[in-house]
Amino acid sequence: QYYSDEEDLFGDYDSIACDSSFLAKLEDVEQNFEQCCSTPSRDAEKDGTTNKGHTSAQYSDVNRLIYPETDFTALKQTEKSNDAKRACHTEINGHHFSSALMEDMFEDLPSSQLAFQQDNCKAASDLRTSEPAVLEYMGSAKSTTFVPSVIDNVQNSSELEGKSEQRTVNPAFQKRMSFTEQLKKTLVGNAMVQMPQVSRTKAQKDAAVSEEISVAMQTMESSSVPDLGPFFGLPSKVKELIYKLRGIKDLYDWQKTCMTLDSVQQRKNLIYSLPTSGGKTLVAEILIFRELLCRKKDALLILPYISLVQEKIRGLASFGLELDFLVEEYAGSKGRFPPVKRRVKRSLYIATIEKAHILVNSLIETNRLDNVGLIVVDELHMLGDGSRGAILEMTLAKVLYMSKTTQIIGMSATLSNVQDLQKFLQADNYTSDFRPVQLKEYVKLQDVLYEIDPKEEECFRLSRHLKVEYSSNMQKMDPDHLIALVTEVIPVNSCLLFCPTKKNCENVAEMICKYLKKVFLQHREKEKVNLLNELKSVGNGTMCPVLKRTVPYGVAYHHSGLTSDERKLIEEAYSAGTLCLLTCTSTLAAGINLPARRVILRSAYVATDFLKRSQYKQMVGRAGRAGIDLSGESILILQERDKQLITRTLGEIRDFLSCTLFSVQEEQICREKCLWDIVKDSLDFLTQKGLVKTAAGKEEDALLEVTMLGRATFKGSIDLTNCDVLYRDLSRGLEGLMLNSFLHLIYLVTPYEMVTQCKPDWMIYFRQFTQLTAAEQKMSTAIGVPESFIARKASGQSVKKAADSVAVNRLYLAFVLLSLLKETDLWTVADRFRLTRGFVQNLLSSSSAFCSCVLHFTEELEEFWSYKALLAELTKRLTYCVNAELIPLMEVAGVLEARAKQLYGAGYKTLAHLANADPMLLVQSIENLSKRQAHQIVASSKV
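Rules behind the numbers
- Residues numbered from 1 in each chain as written.
- Predicted model: local features only at pLDDT ≥ 70, side-chain atom pairs only at ≥ 80, totals over all residues.
- Heavy atoms only, no water.
- Phe/Tyr/Trp six-rings, centres within 6.5 Å; stacked < 30°, edge-to-face > 60°.
- Buried < 20%, exposed > 50% of the residue type's maximum accessible area, 1.4 Å probe, protein only.
- Helix = DSSP H or I, 4+ residues; strand = E, 2+ residues; numbered from the N terminus.
- Lys, Arg positive; Asp, Glu negative; His and termini not counted.
- Salt bridge = Lys/Arg side-chain N within 4 Å of Asp/Glu carboxyl O.
- Polar contact = N/O pair within 3.5 Å; in protein donor to acceptor, adjacent residues only side chain to side chain.
- Contact = heavy atoms within 4.5 Å.
- Axes fitted to C-alpha atoms, helices over the stretch in contact; angles between N-to-C directions.
- Parallel < 35°, antiparallel > 145°, perpendicular 65-115°, else oblique.
- Left-handed = near helix turned anticlockwise from the far one by under 90°.
- Pairing = 2+ DSSP bridges.

### Comments concerning the packing of aromatic side chains
What the rule picks out here adds up to 16 aromatic pairs. Ring centres 5.4 Å apart and planes at 65° place the aromatic pair Tyr330 and Phe337 in the edge-to-face group. The same class applies to Tyr330 as to Phe337, namely buried. Here the aromatic rings of Tyr752 and Phe850 are separated by 6.0 Å at their centres, their planes lie at 85°, and the arrangement is edge-to-face.

Next up, the structure:
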């Protein structure tokens, strides 16, 4: 089914042309009117006198002819005198009638829009009063004032009785045109009125863009044409937007070379690798724009993390508005499967690895994979990242196997097995060591710095000895000389300090601030005060005590324990120079781009795992700010101890596996078992889980059939190890589903993988349990967590009959989520359950994503039909965690909870109100709303 906002729903239908009796009725009214009006005049001329009573009767007939009681615009009234009726009709003219209609039309508008429309009506009324000739030209003056003037003429002729025997006939009766002629004249006049003209400059620009796009499309069709057009096959408007929105005037030489590669022009698969900050993303975006605008195909951009997806959505939304394509988010609980099929506009899907897999599955199932012309994979090295890498590999393998027209572009800063990836993706390779800012890498061992030089035989070269003047207490607190290393660059320049754990980030930030000089407090003091106020505001009056002590010195920590609002404020303050030092975990290196003059790696470990080469390259790649620094520095601190569905038969499965990266690396990975033995073990596992079944036949030709449970697991992207457990829990829930509270549904969608990350506080557990209703306590007993068990645990007594630990922990997490839905205050809930606010926020986002997966799971199983409507509503509540009336506004791109409350308070309560809103009026009504944001909100609400 196609969706379009530009369809003509009426076609060639013409209401006037189809009504052939309309003009004939006008002629009949005209003739009757002339007969009634001409009779008394002829009698008066013949007799010299006028019968007054007879004339009044004729006038009454005229009034009934002109103002019939069946007129749909008039209210039915009781019989009154003819004089009163004529006075009433004289007062009610076309202007008052149209005003009444306009008042009815504006009843349902928001107050701000109502004021806007009333100003327009007032301006139109003033124009109508000052320029009556214009109204007459438009035909409204004649059509609304003609009838009262005729009545007045007839009355005047009766009053002249006896005063003069020579009377002149009113010119209105002689020169008056028929109704048909007046209608034709009005229609001709309306047709001659000039419509608002489009700016000539704008028209010329649109014509130029259209011409450039057509030239680019011809270039794409014929690879033999060397000229790629004004901007690599794209209109010059794209180059102007890149400069306007990104500040990039020209491309680097390597980017120009990469854009002119034969593999790019001939649409072959490509892998390109450059150091961090080299400008890889811009090349990918240009290729995406060319696919959307020139080839008129959809595109898919795969990113590793939700935060990166959301950042990219914000970055490309303006391009979508200007270049007329849609930017759709597929992360967390967001995303429609299969996506909406659109007739005119093309779509750019920006997805996480997991959502991209579900999206590709849905497109394959609906035979629409060929509609996606380009797939771009950022951080291609994620193929080696455990289970997530396996999902990404399976997604790309399916695309390679099912579509021969879809181009795959992979990019990364760290690729060690490029040849294997080339063979897997059937791709060309482009590699460059370009970096806009030179990077100098150092290793610190005790108080000596060694520079890393890969060209040297020993790789390490002595650089310098650190000169530190530490007291004995300071040496004990800071044995790695972190304070000396950071104070060499801050506060004038910025520094990132990577720590192995989240707790270590906070401890190191406090330790450094304890020994910093007071002069650091004076650096950008006003901006830091504003940052503290903003942090307190997003925390509803509460602020982290660590940040409260460190921010005045220009220091803060950054890890997943912070809320998204806190992280955003800290990132913006660091980019603006308000903060000069961030102590952070390795996740920042793979997230938003925050460059620094110096990057310090506190340890060679990430948690308890030794640092991988790809992780190291990502971290040190943040050193050096393009356009600001001439070089960047990285220092790694080492200790002495560190010195040392697509197939249906087994034969088809074999063919499919030959297209995977696993088969390319079989000799290196499969040392104990061959690949085919591993496949057989996997098929046995799937059969035991009830996900597939094998029909009769030979081994190679045996037909594999996916069961209903397997199809549901596939559609919902449920972890194979938990799919049977989820099915069992949902089946038990049907036996006694509690609907007077969200608790039972929340328990069913609490993620299984979050259970091991939290240990219940039994006193808090028991306190929350006692506050439940009788029905909720009964539900808890039904799932295997009775009150007696929790009470014994809280009092420290031994438990005779142990309960299922998974069910116990899931119910505890369900209490946390239920409190969030009731209060929507993350800080309060985190304090109540003695959990970090970052963990609570992660729990909420994971639950909303898992709820969306469970919804797709239940849609494939007929016995779970009752869950569909319930889970659809719960997904929205968990996604936005706001009051129900704000949910429609939260679905608009760029609208968060605070903005939604502002819009709701201003009268914009639905998407329809926002879609019909005037952006300039939005700017006036909503505090701190820019013009660009207003236009984006209105445009997004119309999609």
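### Some points on the side chain of Lys444
In this fold, Lys444 is placed in strand 8 (residues 438–445). An unpaired buried charge is present at Lys444: no salt bridge exists, and Asp480, the closest side chain of opposite charge, is 5.1 Å distant. At 3.3 Å, the side chain of Lys444 and the backbone oxygen of Asp480 are in polar contact. What Lys444 contacts, discounting residues up to four positions off in sequence, is Leu449, Leu466, Asp480, His481, Leu485, Ile635, Leu636, Ile637 and Leu638.

### Observations regarding the packing of helix 39 (residues 805–823) against helix 40 (residues 826–833)
Viewed as axis vectors pointing N to C, helix 39 and helix 40 meet at an angle of 150°, and their least axial separation amounts to 9 Å. Considered as vectors, helix 39 and helix 40 are oriented roughly antiparallel to each other. Here the hand of the crossing between helix 39 and helix 40 comes out right-handed. Between helix 39 and helix 40, the contacting residues are Tyr812, Phe815, Val816, Ser819, Leu820 and Glu823 on the first element and Leu826, Thr828, Val829, Arg832 and Phe833 on the second.

### Regarding the environment of Glu441
Within the secondary structure, Glu441 is located in strand 8. On the basis of relative accessibility, which here comes to 16%, the residue Glu441 falls in the buried class. Each C-alpha atom of the pair Glu441 and Val620 lies 7.9 Å from the other, and the pair is 179 residues apart in sequence. With sequence-adjacent residues up to four places away left out, Glu441 is seen in contact with Tyr450, Glu451, Ile452, Tyr616, Lys617 and Ser634. Reaching out from Glu441, the side chain makes a polar contact with the side chain of Tyr616 at a distance of 2.7 Å.

### Observations regarding the sheet that holds strand 10 (residues 460–465)
With mixed pairing, eight strands are arranged side by side in an open sheet as 10-9-8-17-14-11-13-12. Edge positions in the sheet fall to strand 10 and strand 12 (555–558), since each of these pairs with one other strand and no more. Along the sheet, successive strands turn relative to each other by an average axial angle of 25°, direction set aside. Contacts from helix 22 (residues 502–515) reach strand 11 (495–498), strand 12 and strand 13 (581–584) within the one sheet, and its direction differs from that of strand 13 by about 150°.

### Some remarks on the pattern of salt bridges
Tallied over the full model, the rule gives 27 salt bridges. Residues Glu488 and Arg598 are paired through a salt bridge, measuring 2.7 Å at the closest nitrogen-oxygen approach. Of this pair, Glu488 sits in the loop between helix 21 (482–487) and strand 11 while Arg598 sits in strand 14 (residues 598–601), placing them 110 residues apart in sequence. A relative accessible area of 4% places Arg598 in the buried class. Where salt bridges share partners, they join Glu365, Arg711, Lys715 and Glu860 into one cluster.

### Topic: the environment of Leu581
Tracing the chain through its elements places Leu581 in strand 13. By relative accessible area, which is 0% here, Leu581 ends up buried. Considered as a pair, Leu581 and Thr487 are 94 residues apart in the sequence and their alpha carbons are 9.7 Å apart. Apart from the residues lying within four places of it in its own chain, the contact partners of Leu581 are Val486, Ile490, Cys495, Leu497, Ile512, Gly554, Val555 and Ala556.

### Things to note about the environment of Leu369
Note on placement: Leu369 falls in the loop between helix 17 (353–365) and strand 5 (372–378). Among the residues examined, Leu369 registers a relative accessible area of 5% and is labelled buried. Setting aside residues up to four positions removed in sequence, Leu369 forms contacts with Val360, Leu363, Ile364, Val399, Met402, Ser403 and Thr406.

### Quick notes on the sheet that holds strand 4 (residues 347–351)
The seven strands are arranged 3-4-2-5-6-1-7 in an open sheet whose pairing can be described as parallel. One side of each edge strand has no neighbouring strand; the edge strands of this open sheet are strand 3 (326–330) and strand 7 (428–431). Geometrically, the sheet is characterised by an average inter-axis angle of 15° between neighbouring strands, direction not taken into account. Pairing geometry for strand 5 and strand 6 (residues 407–412), over five bridges, is parallel. From the neighbouring strand, Val377 faces strand 6, where its bridge partner is Gly410.

### Some details on unusual backbone geometry
Between Phe337 and the following residue, Pro338, the backbone shows a cis peptide bond with an omega angle of -10°. Following Ile490, the chain continues into Pro491 via a peptide bond in cis, with omega recorded as 5°. Topologically, Pro491 is positioned in the loop between helix 21 and strand 11. Even without a glycine there, the phi angle at Asp324 is positive, about 65°. When you line up the elements, Asp324 lands in the loop between helix 16 (306–323) and strand 3. Even without being glycine, Gln446 reaches a positive phi, approximately 60°. Following the sequence through the fold, Gln446 ends up in the loop between strand 8 and strand 9 (448–452). Of the residues examined, Gln446 reaches a relative accessible area of 53% and is grouped as exposed.

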